[in-house]
Amino acid sequence: MTLTFHWFLPTYGDSRYIAGGAHGPQAGVATGNRPATLGYLGQVARAAEEIGFVGALTPTGAWCEDAWLTTAPLVEMSERLKFLVAFRPGLLSPTLAAQMAATYQWHSGGRLLLNVVTGGESHEQRAYGDFLDKAARYTRTDEFLHVVRSLWRGEKVDFHGTHVQVEDARLGRVPDPVPPVYFGGSSPAAGRVAARHADVYLTWGEPPAAVADKIAWIRGLAAERGRRIGYGIRLHVITRDTAGEAWAQAGRLLSGISDEAIEQVQAGLRRSESEGQRRMLELHGGSAKGLRELEVAPNLWAGVGLVRGGAGTALVGSHEEVADRIAEYAALGLDEFVLSGYPHLEEAYWFGEGVLPILRDRGLWTHPAGDPSAAAPAAVPFAAS
């Protein structure tokens, strides 16, 4: 088994804390915010591909920069990294989305992956002009993906659904290769859409037993439709040479979160209609506890979710411990890991130089560009031979 690892592009900005500017400038302490400029995101992208990540998830929402427009120039600033572009079906037509994907593949040489996000926050959807309720949004996503996949097969499409209607739709160019569709969701409606259309089903970082149940659920739904799909997990990581150092870093991140910030974020997240978000909230209960009290499974820490929506858990531990947890998740049937850390540039190297070599030695990972250890070692001027 060879696992696939993806990193994350912080298109809302980056920081040494989960919430940017947590303490403000402090003499003698490395702080400060990093705006989501192309220069900085390019650094993250180049580091990710050098380390051995296959792709980089780029989020969608009013709180970040647009994923399509941000990643397009990054194609020219990198060599082989793929971009897992998140987008919402209700905000553009399926024919346009299918055409955009084909154009992206043409210009990038096949470096597009698609993360389809139905949307679990009605108040945010309404800000974009979308007034469908959650159930209707999943019905629309199902219809949308049916049209997109038909167009990608080179078919002429006439479709009149409840929410999606197209006539005489076709593409001048089909994408080559067809970008894989990543899809997540914990509700029954999400499961049905994933089973019909997803190439990779993504779950947020829940304890292994809960993840095993999810995989079994989706695998059964997909089998009913004669399909087999891949499975991935979305996690943050805090990995260091020793467990003590890793937990100290988690504690530093926790120290940067005020009770007021937690309450403000949790009040917003409690409005969410997302079943996955509800499951994330259950892991930490919505309030700051002691550092290790937020460890909801071995090395799985729920502190990130106190001030961050969506994926709210991190693997925390020594490189060996984090590798063990990844191997444990892989044994459940997970093929792909979508990871991130604060700040994203430095944490990519901590994981890439600490954990990936262990997984390589266990036969669980190979660098997508070949064995980087075969390259000549860095030369240190004037060092004794």
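Provided above is the structure to which this section pertains.
Quick look at the structure, then. (Residues numbered from 1 in each chain as written. Predicted model: local features only at pLDDT ≥ 70, side-chain atom pairs only at ≥ 80, totals over all residues. Heavy atoms only, no water.)

### Some words on the overall build of the protein
The secondary structure content of the protein amounts to 13 helices and 15 strands. With the C-alpha coordinates of the protein rotated into their principal frame, the extents come out at 70 × 50 × 40 Å. Within the span of the protein, comprising 385 residues, buried residues form 54% of the whole. The contacts of the protein with a sequence gap of at least 6 include a subset with a gap of at least 24, amounting to 73%. Here the protein has roughly 16500 Å² of accessible surface; of this, 53% comes from carbon and sulfur atoms. (Helix = DSSP H or I, 4+ residues; strand = E, 2+ residues; numbered from the N terminus. Buried < 20%, exposed > 50% of the residue type's maximum accessible area, 1.4 Å probe, protein only. Contact = heavy atoms within 4.5 Å. Areas by Shrake-Rupley, 256 points an atom, 1.4 Å probe, with all protein chains shown as cover.)

### Considerations on the pattern of salt bridges
In total, this model carries 21 salt bridges according to the counting rule given. Arginine 170 is the partner of aspartate 168 in a salt bridge, and the nearest nitrogen-oxygen pair spans 3.1 Å. Given a relative accessible area of 47%, aspartate 168 falls into the partly exposed group. Of the charged contacts, one joins arginine 292 and glutamate 295 as a salt bridge, the two residues approaching to 3.0 Å between their closest N and O atoms. Here glutamate 295 falls in the partly exposed class, since its relative accessible area comes to 23%. Where salt bridges share partners, they join Lys156, Asp158, Asp168 and Arg170 into one cluster. (Salt bridge = Lys/Arg side-chain N within 4 Å of Asp/Glu carboxyl O.)

### What about helix H11 (residues 319-332)?
With 14 residues, H11 should reach 20 Å at 1.5 Å per residue; the first-to-last C-alpha distance of 20 Å fits that figure. Inspection of H11 places His319, Val322, Ala323, Arg325, Ile326, Tyr329 and Ala330 among the buried residues, and these make up the whole buried set. When H11 is viewed along its axis, its buried side chains cluster within an angular range of 160° and face the same direction. Backbone geometry just after H11 places glycine 333 at a positive phi near 120°. (Expected span 1.5 Å × (residues − 1). Arc of directions from axis to C-beta.)

### Comments concerning the nonpolar core
Phe5, Ile326, Phe337 and Phe351 are the most contacted members of the largest nonpolar core, which totals 81 residues. Ignoring any residue separated from it by four or fewer positions in sequence, one finds phenylalanine 351 in contact with Phe5, Phe53, Val237, Thr239, Val322, Ile326, Leu339 and Leu356. Core analysis: the second largest hydrophobic core is formed by 17 residues, Ile18, Ala250, Leu306 and Tyr342 among them. (Core = buried A, V, L, I, M, F, W, Y, C linked by side-chain atoms within 4.5 Å.)

### Structural notes on the packing of helix H5 (residues 134-152) against helix H6 (residues 188-197)
What describes two packed helices is the angle between their axes and the distance between those same axes. Between H5 and H6, whose axes approach to 10 Å, the crossing angle comes to 5°. Relative to H6, H5 is oriented roughly parallel. When H5 is examined against H6, the residues Tyr138, Thr141, Asp142, Leu145, His146 and Arg149 are found in contact with a partner set consisting of Ala189, Ala190, Val193, Arg196 and His197. Grouping the constituent residues of the contact of H5 with H6 by class yields five nonpolar, three polar and three charged. (Axes fitted to C-alpha atoms, helices over the stretch in contact; angles between N-to-C directions. Parallel < 35°, antiparallel > 145°, perpendicular 65-115°, else oblique. Nonpolar A, V, L, I, M, F, W, Y, C, P; charged D, E, K, R; others polar.)

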